[in-house]
Amino acid sequence: MMKKGIVVFMLIFLCTCTLALHGKTGQRAANLISFFSGFPADTGTDDPFDAWPLLGASLEHVFADGLAVGISVRYSRWKDYMGTHYTVLGELCGAWTFNAWSPSLNLSYHFNPSRRGMWDPYLGAGVGIHFTRFENEMTNYAPPRAAELREQSFVRGFAGIRFYPFGRSSGFMRDFAFLAQASLYFGGGFRPLVLMFGISRGF
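Residues numbered from 1 in each chain as written. Predicted model: local features only at pLDDT ≥ 70, side-chain atom pairs only at ≥ 80, totals over all residues. Heavy atoms only, no water.

Caption draft 1: Geometry of the nonpolar core. One finds Trp78, Met82, Trp96, Phe98, Ala100, Leu149 and Phe190 forming the largest nonpolar core, which totals seven residues. Not counting residues within four places of it along the chain, the set of residues in contact with Leu149 comprises Gly44, Thr45, Phe98, His130 and Thr132. By size, the runner-up hydrophobic cluster in this structure holds six residues, among which are Leu54, Phe154, Tyr185 and Met196. (Core = buried A, V, L, I, M, F, W, Y, C linked by side-chain atoms within 4.5 Å. Buried < 20%, exposed > 50% of the residue type's maximum accessible area, 1.4 Å probe, protein only. Contact = heavy atoms within 4.5 Å.)

Caption draft 2: The arrangement of the pattern of salt bridges in detail. Summed over the entire model, instances satisfying the criterion amount to five salt bridges. The closest approach of N and O atoms between Lys79 and Asp50, which form a salt bridge, is 3.9 Å. Of this pair, Lys79 sits in strand β3 (residues 67-80) while Asp50 sits in the loop between β1 (30-39) and β2 (54-62); the two residues are 29 residues apart in sequence, bridging distant segments of the chain. For Lys79, a relative accessible area of 27% corresponds to the partly exposed category. (Salt bridge = Lys/Arg side-chain N within 4 Å of Asp/Glu carboxyl O. Helix = DSSP H or I, 4+ residues; strand = E, 2+ residues; numbered from the N terminus.)

Caption draft 3: Broad picture of the environment of Phe158. Locating Phe158 in the fold gives a position in strand β6 (residues 151-163). Since its relative accessible area comes to 8%, Phe158 is described here as buried. Taking the C-alpha atoms as reference, Phe158 lies 6.9 Å from Gln181; in sequence the two are 23 residues apart. The contacts of Phe158, once residues within four sequence positions are left out, are Asn106, Leu107, Ser108, Tyr122, Leu123, Gly124, Ala125, Gly126, Gln181, Ala182 and Ser183.

Caption draft 4: Geometry of the sheet that holds strand β8 (residues 193-202). Taken together, eight strands build a closed barrel; the order of strands is β1-β2-β3-β4-β5-β6-β7-β8 and the barrel is antiparallel. Neighbour to neighbour, the strand axes of the sheet diverge by 25° on average, direction disregarded. Two elements, strand β4 (residues 96-110) and strand β5 (residues 119-135), share 12 bridges in a ladder whose sense is antiparallel. By the bridge assignment, Leu105 is partnered in β5 with Val127. (Pairing = 2+ DSSP bridges. Axes fitted to C-alpha atoms, helices over the stretch in contact; angles between N-to-C directions.)

Caption draft 5: Representation of the pairing of β6. Residues Gln152, Phe154, Arg156, Phe158, Gly160 and Arg162 of β6 are buried on one face, while the alternating residues Glu151, Ser153, Val155, Gly157, Ala159, Ile161 and Phe163, pointing to the opposite face, are not. Bridge count between β5 and β6: 13 bridges; the pairing is antiparallel. What sits directly across from His130, in β6, is Gln152.

Caption draft 6: Highlighting the packing of aromatic side chains. Inspection of every chain in the model, using the stated rule, returns 13 aromatic pairs. Considering the side-chain rings of Phe39 and Phe197, the 6.2 Å spacing of their centres and the 15° angle between planes classify their relative orientation as stacked. Placement of Phe39 in strand β1 and of Phe197 in strand β8 is noted, with a sequence separation of 158 residues between them. Ring geometry for Tyr122 and Phe158: centres 6.3 Å apart, planes at 65°, overall edge-to-face. Of this pair, Tyr122 sits in strand β5 while Phe158 is found in strand β6, placing the two residues 36 residues apart along the sequence. Taking relative accessible area as the criterion, Tyr122 reaches 4% and is therefore assigned buried. Taken together, the ring pairs connect Trp78, Phe98, Phe134 and Phe190 into an aromatic cluster. (Phe/Tyr/Trp six-rings, centres within 6.5 Å; stacked < 30°, edge-to-face > 60°.)

Caption draft 7: Expanded view of the environment of Gly117. On the secondary structure map, Gly117 appears in the loop between β4 and β5. Distance in space between the C-alpha atoms of Gly117 and Pro165 is 10.0 Å, their sequence separation being 48 residues.

Caption draft 8: Representation of the pairing of β3 within the structure. In this sheet, β3 lies alongside β2 in antiparallel orientation, the contact comprising eight bridges. Residue Ser58 lies in a different strand from β3, and its bridge partner there is Ser72. Remark: four residues form the turn of the hairpin made by β2 and β3, two consecutive strands paired antiparallel; Gly66 in that turn has positive phi of roughly 100°. Both β3 and β4 contribute to a ladder of 14 bridges, which runs antiparallel. Looking at β4, one finds that Val69 is bridged to Leu107.

Laid out in structure tokens, this is it:
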């Protein structure tokens, strides 16, 4: 955990330096806040059921040249029996309920940062950690693979597009957008490919 924390701290430090250097150029920048949901459900076990759709939010700082840095967090919830297990009294255990929070730090490039058109495609990559917690109403024993599920680091690549339907209007809705994104994850036991849809607002 110490090594993971050091890596995340170094990435945050480097992004902060990038923000400072770009700030000296006088280029106009923009901020984007997004809320999204995704499928398939973002689960970390082999046989999940009763899974919630992926939920998440992100905050992104886009420079005038198209480079961007951002942070995001995803929430996932699912249940899994994880095989047949018995308590010390010989009673069959019920399913474990898993809750996972997945913060990440992202770097991306926007092909239309000034939004001269209605479409803004982008590509990027990010690093993060899945923080997973579990509970079972019938037992205090940890489920199989508990140690590797608790904290999993990951790297992801993603590609997406934002659509600004009111880009030519004035007022509050001018910077409103719909987004679609595909993410490919490397590392850990979570599903490797996730499709996400949501909304964004620039400010």
